[in-house]
Amino acid sequence: MPAKSQSSDDRKTDGGVLYVGIDLGTSRTSIAASNGVRATFPSFVGYPKDVISRKLLKVDKLFGEEAISKRLSVDLYRPLEHGVLKCGQGNDKDANQRAAQDLLTEAVRRANPSPGELVYAVIGAPAQASIKSKNTILEVARESVDSVMLCSEPFAVAYGQDLLADVLVIDIGAGTVDLCRMHGTMPEESDQLTLETAGDFVDSEFERLIQASHPEAQFTINMVRGIKEKHSTVAETIAPIEVQLPVQGKPTAFDLTRELKEACQAIVPPIVEGLGRLIATFDPEFQERLKGRVLLAGGGSQIKALDIAIEAEMRRTLGGGRVTRIEEPMYGGANGALKIAHDMPEEYWENLK
Ligand SMILES: Nc1ncnc2c1ncn2[C@@H]1O[C@H](COP(=O)(O)OP(=O)(O)OP(=O)(O)O)[C@@H](O)[C@H]1O
Ligand SMILES: [Mg+2]
């Protein structure tokens, strides 16, 4: 750690330390830094498969979109699963840890630290990540940053919005939906819930529904996700969603309106059921206030009219509720983590190097 300067504010503005907030997600890694830089890329790392592909690619690792597009020449890793490091056995485990380490190093590189600048990072981890997986993330972070803190992802989102009391956060990622109840202190175990009905779940529901109604259509899960990200909606009335999919190699038009809406709608009841559990176990005097302050964040929250659909389901099963979508859902976690980094006193930082 650097020598303590005169005041904590000096320390935070002098050139010595770059503060970064990192959202290390299953599908996307996002970083927001105190120098104003922000970056986001899919959480993929690719290593050339052999000498030929290394010669062709001219690098020994690729990240994000580039790694995905070159997937035929690289061994592709998505090192996180349900928001935690995949814990395979032996070589697999080591390979995933190395990939996670490379992912973090790349995120920090993209934040563009000046030479010699120390990097202090707050990393968002899933609300219910086990102690073991938190330790693994800390271990991995050791290689890329000088000092690190972990915080729960939904806590970071709420912190970023300056809403720390009587708020419910819904963070819809790829692998998990994290629900967190904020009541003016650090959230505890009982304030948090993790559901698996997130973006990947919508993709597999959508895939299943297309297969059932159009068995002749040819597609991959990546194509399904692409269609979802372009058209996702739970709005009452919408223009038909028409897409081209090959049938025996020939592009053919399909109307997937019903399938996509149904797949997107499928995440609403479990989310509201989870909200209901967090509300019911809260101080009865504050339950109504909590229902009126629900924040929606994460990539998966970009489904059109999702806020309205959650409100409707809350009315039906919980007697009311008000949902606000945060601006920039993709950076909600990283922005909040950066804000925590700025506000944390020196003694909270764990010195790594
Ligand atoms: N426009 C969109 N409509 C619906 N879903 C979307 C849209 N854009 C992205 N997504 C979905 O958002 C999910 C990724 O969200 P996010 O980047 O917040 O996840 P993550 O933080 O990487 O995952 P996790 O929190 O599970 O670790 C993916 O399932 C992706 O398909
Ligand atoms: Mg996330």
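As the structure is a prediction and not an experimental result, all values here were calculated from the model.

1. Thoughts on the site of ligand 1
So, point 1. Neighbouring ligand 1 are 22 residues; Thr-26, Ser-27, Lys-228, Glu-229 and Ser-232 lie closest to it.
So, point 2. Here an oxygen atom of ligand 1 sits 2.8 Å away from a polar atom, N or O, in the main chain of Arg-28.
So, point 3. At a separation of 2.7 Å, a nitrogen atom of ligand 1 approaches a polar side-chain atom of Ser-232.
So, point 4. For ligand 1, whose accessible area on its own is 660 Å², the fraction buried by protein is 92%.
So, point 5. Ranked by the residues each element gives to the shell around ligand 1, the list is headed by helix α8 (residues 221-231), at 3 residues.

2. Examining the domain arrangement of the protein chain
So, point 1. According to the domain assignment, the protein chain consists of domain 1 (8-158 + 332-351) and domain 2 (199-265).
So, point 2. Here domain 1 and domain 2 have C-alpha centroids that lie 32 Å from each other.

3. Quick notes on the packing of aromatic side chains
Working definition: an aromatic ring pair is given by the centre-to-centre distance plus the angle between the planes.
So, point 1. A complete count under the given rule lists 4 aromatic pairs for this structure.
So, point 2. Seen in terms of ring centroids, Tyr-19 and Tyr-120 are 5.7 Å apart; in terms of plane orientation they differ by 80 degrees. Their pairing is edge-to-face. Of the two residues, Tyr-19 is situated in strand β1 (residues 17-24) and Tyr-120 in strand β9 (residues 118-125); the sequence distance between them amounts to 101 residues.
So, point 3. The exposure class of Tyr-19 is buried, given its relative accessible area of 0%.
So, point 4. On the numbers, 5.8 Å between centres and 50 degrees between planes, the contact of Phe-155 with Tyr-159 is tilted. Of this pair, Phe-155 and Tyr-159 both sit in helix α6 (residues 153-160), 4 residues apart, roughly one helical turn. The burial state of Phe-155 is the same as that of Tyr-159; both residues are buried.

4. Here's the deal with the pairing of strand β15 (residues 250-255)
So, point 1. By the bridge criterion, 6 bridges tie strand β14 (residues 242-247) to β15 in an arrangement that is antiparallel. Counted as the bridge partner of Glu-242 is Asp-255 from β15.
So, point 2. Between β14 and β15, which pair antiparallel and follow one another directly, the connecting turn spans 2 residues, one of which, Gln-248, has a positive phi of 50 degrees.

The rules behind these values
Residues numbered from 1 in each chain as written. Chains lettered and ligands numbered in written order. Predicted model: local features only at pLDDT ≥ 70, side-chain atom pairs only at ≥ 80, totals over all residues. Heavy atoms only, no water. Near = heavy atom within 4 Å. Polar contact = N/O pair within 3.5 Å; in protein donor to acceptor, adjacent residues only side chain to side chain. Areas by Shrake-Rupley, 256 points an atom, 1.4 Å probe, with all protein chains shown as cover. Helix = DSSP H or I, 4+ residues; strand = E, 2+ residues; numbered from the N terminus. Domains from an automatic or database assignment. Phe/Tyr/Trp six-rings, centres within 6.5 Å; stacked < 30°, edge-to-face > 60°. Buried < 20%, exposed > 50% of the residue type's maximum accessible area, 1.4 Å probe, protein only. Pairing = 2+ DSSP bridges.

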